[in-house]
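So the chains spell out like this:
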Amino acid sequence: MLIISMSVFSTPIHYTVWYSILGTYVFMIVFSCLLKKILVNHKTEKYIIISSAAMVLNNIKNETKDIDIAVDEEYEKELLKKYKCELEREIIDKNKKYKAYMIDNIINFSTHYYGEYKTKNIEEYNVQTIEEILKLKQKLNREKDKKDIKILKEEINKKNINSLSLAYLGDAVYELYIRKHLLNKNLKVNELQKKSVDYVSAKAQSKYLEKILENKILTEEEIKIVKRARNHKSHSSKSADIITYKKSTGLEALIGYLEITNNKDRIKEIMKYIVGE
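Keep in mind it's a predicted model, so treat the numbers as computed, not measured.

1. Quick notes on the overall build of the protein chain
For the protein chain, the count of helices and strands is 11 helices and 9 strands. Counting contacts in the protein chain only where the partners sit at least 6 residues apart, residues at least 24 apart contribute 59% of the total. Here the protein chain has roughly 16000 Å² of accessible surface; of this, 50% comes from carbon and sulfur atoms.

2. Describing the pairing of strand 9 (residues 125–128)
Burial along strand 9 is two-sided: the face carrying Tyr125 and Val127 and the face carrying Asn126 and Gln128 are both buried. Note: strand 8 (residues 119–122) against strand 9, 4 bridges, orientation antiparallel. Note on strand 9: the bridge partner recorded for Lys120 is Val127.

3. Considering the pattern of salt bridges
Any two side chains of opposite charge can pair, on the condition that their charged atoms come close. For the structure on display, the rule yields 20 salt bridges. The salt bridge involving Lys195 is made with Asp198; its shortest N-O contact spans 3.8 Å. With Lys195 and Asp198 both in helix 7 (residues 189–200), this residue pair falls 3 residues apart, about one helical turn. The exposure class assigned to Lys195 is partly exposed, which follows from its relative accessible area of 36%. Judged by its relative accessible area of 39%, Asp198 falls in the partly exposed class. For the salt bridge of Arg266 with Glu222, the shortest nitrogen-to-oxygen distance reads 2.8 Å. Placement of the pair is Arg266 in helix 11 (residues 264–275) and Glu222 in helix 9 (residues 220–230), with a sequence separation of 44 residues.

4. Notes on unusual backbone geometry
Even without a glycine there, the phi angle at Asn59 is positive, about 65°. Among the structural elements, Asn59 can be located in the loop between helix 2 (51–57) and strand 4 (67–71). In this structure, Asn105 is a non-glycine residue whose phi angle is positive, near 60°. Assignment of secondary structure puts Asn105 in the loop between strand 6 (96–103) and strand 7 (107–110).

5. Digging into the packing of aromatic side chains
Scanning the entire structure with this criterion turns up 3 aromatic pairs. With a centroid separation of 5.6 Å and 25° between ring planes, the pair formed by Tyr101 and Phe109 is classed as stacked. Under the relative-accessibility criterion, Tyr101 is labelled buried at 14%. Since its relative accessible area comes to 1%, Phe109 is described here as buried. We note Lys207 situated over the ring of Tyr208; from NZ or CZ to the ring centre the distance is 4.9 Å.

6. Here we look at the nonpolar core
Residues Tyr174, Tyr199, Ile270, Met271 and Ile274 are the most contacted members of the largest nonpolar core, which totals 28 residues. Top contributing element to this core by residue count: helix 6 (residues 163–183), with 7 residues. Dropping the residues within four chain positions of it, Tyr199 is found in contact with Tyr174, Ile178, His181, Leu182, Ala204, Gln205, Tyr208, Ile274 and Val275. In this structure, Tyr47, Met55, Ile60 and Tyr101 belong to the second largest nonpolar core, which totals 27 residues.

7. Focus: the packing of helix 7 against helix 8 (residues 202–214)
The geometry of helix 7 relative to helix 8 is characterised by a closest axis approach of 5 Å and an angle of 45° between their N-to-C directions. Taken together, the axes of helix 7 and helix 8 lie oblique to each other. For the pair formed by helix 7 and helix 8, the contact residues are Val197, Asp198, Tyr199 and Val200 on the first element and Ala202, Ala204, Gln205 and Tyr208 on the second. Counted by class, the contact of helix 7 with helix 8 contains 6 nonpolar, 1 polar and 1 charged residues.

8. Some remarks on the packing of helix 9 against helix 10 (residues 242–260)
Each pair of packed helices can be described by the angle between their axes along with the distance between the axes. The geometry of helix 9 relative to helix 10 is characterised by a closest axis approach of 8 Å and an angle of 130° between their N-to-C directions. Classed by the angle they form, the pair helix 9 and helix 10 counts as oblique. Here helix 9 and helix 10 pass one another in a crossing that is right-handed. Counted together, Glu221, Glu222, Ile225, Val226, Ala229 and Arg230 of helix 9 and Lys246, Lys247, Thr249, Gly250, Ala253, Leu254, Tyr257 and Leu258 of helix 10 form the full contact between these two elements. Looking at the contact of helix 9 with helix 10 residue by residue, the class counts come to 7 nonpolar, 2 polar and 5 charged.

Definitions and limits used
Each chain has its residues counted from 1, running along the sequence as written. For a predicted model such as this one, the threshold for reporting local features is a pLDDT of at least 70, and the threshold for listing and counting side-chain atom pairs is 80 or more; totals across whole chains, interfaces and linings nevertheless cover every residue. To obtain the side-chain values, all non-hydrogen atoms of the structure were used and water was disregarded. Helix and strand assignments follow DSSP, with helices taken as H or I runs no shorter than four residues and strands as E runs no shorter than two, numbered in order from the N terminus. We call two residues in contact when some of their heavy atoms are within 4.5 Å. Residue exposure ignores everything except the shown protein chains as possible cover, and the areas themselves are Shrake-Rupley values with a 1.4 Å probe. Accessible area is worked out with a 1.4 Å probe on protein chains only. A residue is then buried under 20% of its type maximum, exposed over 50%, and partly exposed in between. In this scheme, strands are said to pair when DSSP sees at least two bridges between them. Criterion for a salt bridge: a side-chain nitrogen of Lys or Arg within 4 Å of a carboxyl oxygen of Asp or Glu. Paired rings are identified among Phe, Tyr and Trp, the last through its six-membered ring, by centres lying within 6.5 Å, and are further divided according to the angle between planes into stacked (under 30 degrees), edge-to-face (over 60) and tilted (the rest). For a ring to carry a charge above it, either NZ of a lysine or CZ of an arginine must fall within 6 Å of the ring centroid while also lying within 35 degrees of the normal to the ring plane. Here, nonpolar core refers to any group of buried Ala, Val, Leu, Ile, Met, Phe, Trp, Tyr and Cys residues whose side-chain atoms link them within 4.5 Å. To get an axis, a line is fitted to the C-alpha atoms, and for a helix only the part in contact is used. The angle between two axes follows their N-to-C directions and goes from 0 to 180 degrees. Angular relationships are summarised with four words: roughly parallel below 35 degrees, roughly antiparallel beyond 145, roughly perpendicular across 65 to 115, and oblique for the angles in between. In the scheme used here, Gly and all other residues not listed as nonpolar or charged are polar, with Ala, Val, Leu, Ile, Met, Phe, Trp, Tyr, Cys and Pro taken as nonpolar and Asp, Glu, Lys and Arg as charged. Helix crossings fall into two classes, left-handed where the near helix is turned counterclockwise from the far one by less than a right angle and right-handed where it is turned clockwise.

Limitation: the analysis is restricted to geometry and does not speak to function.
Here it is as structure tokens:
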């Protein structure tokens, strides 16, 4: 549970978020509210969301007790000037001294770690990548980080699963979604099979992937999954040429990856786009 009472709002607002029930979606709403008030002009190059908050935004953790942000020196001065900040602790790393501050016991910011780790864009925020979170957690190596380190390693291993194995899983998830979608159309049994071909054939999947890529609805990470699968050494099927088959495999691998990383909401978004809902 996360309880937030933010004086950064013109009128204090209290949020109580039960992650086990409401999940990352609600966290993102609350999180966005906080950052839009805290982050001056929303300059993504001036801060990095790190540690457990970054894990939540990467959709691999359901809760965090605070939000850690690494900022540049200019941003630190702006925050100290604009908000009532409490000195949390002093840090000495590589013979350099840093100060960590808290705003309302929830936003933790410091120049420490700024510029040290690779990031990616999530919901327009500059967020530490999974691999970089692992490096930070291993560096800190605190008792409370051990569970997170295990989760992060498991997540990275999922990303390294063979592309054709992901496609194997994705094929089943994709077809199940299509079958459920068609059942709602009140079609006859023989019509269901004919109509499903419009979605599940390699030619159809290839076409939908092209449409998805053209309209730029995938994240950088998702595009990497697609490209890795598309470039994987494989043989063409009897029903499609090699290029069509590879594109189809790319889409299936993406769905498989989202399924194995438990990102079901994202699967729904992509599948709704495909079926035109």
